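Breakdown of the fold
Listed below, chain by chain, are the residues.
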Amino acid sequence: MTSIDPRQFRTTLGQFCSGVVIATGSLAGVPAGFAAQSFTSLSLDPPLIALCPARTSSSWPKLRDSGSFCINILAANQKPVCDLFAKSGVDKFSSLAWRPGVTGSPILDGVVAYIDCDLEAEHDAGDHTIAVGRVRDMAVLDETAAPLLFFRGTYGQFGALA
Ligand SMILES: Cc1cc2nc3c(=O)[nH]c(=O)nc-3n(C[C@H](O)[C@H](O)[C@H](O)COP(=O)(O)O)c2cc1C
């Protein structure tokens with residue numbers, strides 16, 4: 001088997017531009033969540049999405065145990081929210097406005113859109129897992145907001161080609 005240099009792996013995969021989401025949940029009434037880029041649409045029928053939580057995530061086990069999670073798509077002006085949720089072991093919710101969605105998972109104020117899901121399945125995938133969510137509720141909250149983008153280790157925003 002060819003061995004892959006970890007730095008080359010990160011550099012090469014960093015050429016792929018993505019949005020940034022906050023995956024949230026609520027276990028016994030206590031909100032939890034973390035920043036992620038590994039989010040994708042998966043299936044229309046049934047309506048499924050996927051997210052890849054790291055095995056080191058301290059928040060994901062709480063979302064998993066609650067049986068549901070909500071994907072919050074960040075707007076370009078929400079980099080501070082991304083920075084907050086990219087930390088581990090800190091209070092991430094007391095400084096933010098949010099409301100519970102249908103699953104009880106937090107919907108953060110100011111996001112472009114949210115996708116509230118029940119956890120359908122979780123598959124092993126090396127140092128991450130692949131969590132499949134079945135959509136229970138979703139909405140676009142701001143059709144005009146630009147999304148926060150992550151590319152080559154830095155943040156930016158979308159500009160349409162002429
Ligand atoms: C832009 C960006 C993308 C990230 N993508 C993921 C991801 O897809 N999966 C993941 O588990 N962590 C991802 N992280 C890292 C987590 O946000 C970070 O490890 C966080 O501290 C985890 O918090 P927790 O321990 O409360 O779960 C990402 C961080 C950033 C800044």
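Starting from 1, residues in each chain are numbered consecutively following that chain's sequence as written. Where local features are concerned, this predicted model is filtered to residues with pLDDT of at least 70; where side-chain atom pairs are given and counted, the filter is 80 or more; whole-chain, interface and lining totals use all residues. Where side-chain values are given, they derive from all heavy atoms of the structure, hydrogens and water being excluded.

Brief notes about the site of the ligand
Rule in force here: In this text, near means that some heavy atom of the residue lies within 4 Å of the molecule or strand in question. Residues adjacent in sequence count toward polar contacts only when both atoms are side-chain atoms; beyond that, a polar contact is any pair of N or O atoms within 3.5 Å, and within protein one must be able to donate a hydrogen and the other to accept it. Residue burial considers only the protein chains on display, and all accessible areas are found by Shrake-Rupley using a 1.4 Å probe. A run of H or I in DSSP becomes a helix once it reaches four residues, and a run of E becomes a strand once it reaches two; helices and strands are each numbered from the N terminus. In the scheme used here, Gly and all other residues not listed as nonpolar or charged are polar, with Ala, Val, Leu, Ile, Met, Phe, Trp, Tyr, Cys and Pro taken as nonpolar and Asp, Glu, Lys and Arg as charged.
Among the 18 residues in the neighbourhood of the ligand, the closest are listed as S38, S57, S58, S59 and S88. A35 has a polar backbone atom sitting 2.7 Å from an oxygen atom of the ligand. Interatomic distance of 3.4 Å between a backbone N/O atom of K87 and an oxygen atom of the ligand. Contact with the protein chains removes 82% of the 640 Å² of surface that the ligand exposes when unbound. The greatest single-element share of the shell around the ligand, amounting to 3 residues, is contributed by strand β3 (residues 30–36). A breakdown of the residues in the shell around the ligand according to their chemical character gives 10 nonpolar, 6 polar and 2 charged.

Re the sheet that holds strand β2 (residues 21–27)
As a reminder of what qualifies: DSSP calls a pair of strands paired once it identifies at least 2 bridges connecting them. Between the N-to-C directions of two axes lies an angle of 0 to 180 degrees, each axis being a line fitted to C-alpha atoms and, for a helix, fitted only over the stretch in contact.
With antiparallel pairing, 7 strands are arranged side by side in an open sheet as β3-β2-β6-β9-β10-β5-β4. Each edge of the open sheet carries a strand with a single partner, namely β3 and β4 (39–43). Taking the axes of each pair of neighbouring strands and ignoring which way they run, one obtains an average angle of 35° across the sheet.

A few points about the environment of C82
Rule in force here: Should any heavy atoms of two residues lie within 4.5 Å, those residues are counted as being in contact.
Assignment of secondary structure puts C82 in helix α3 (residues 79–85). Expressed as a C-alpha distance, the spacing of C82 and A36, which sit 46 residues apart in the sequence, is 8.6 Å. Excluding residues within four positions of it along the chain, C82 makes contact with V20, I22, A35, L74, L148 and Y155.

These figures come from the coordinates and say nothing about function on their own.
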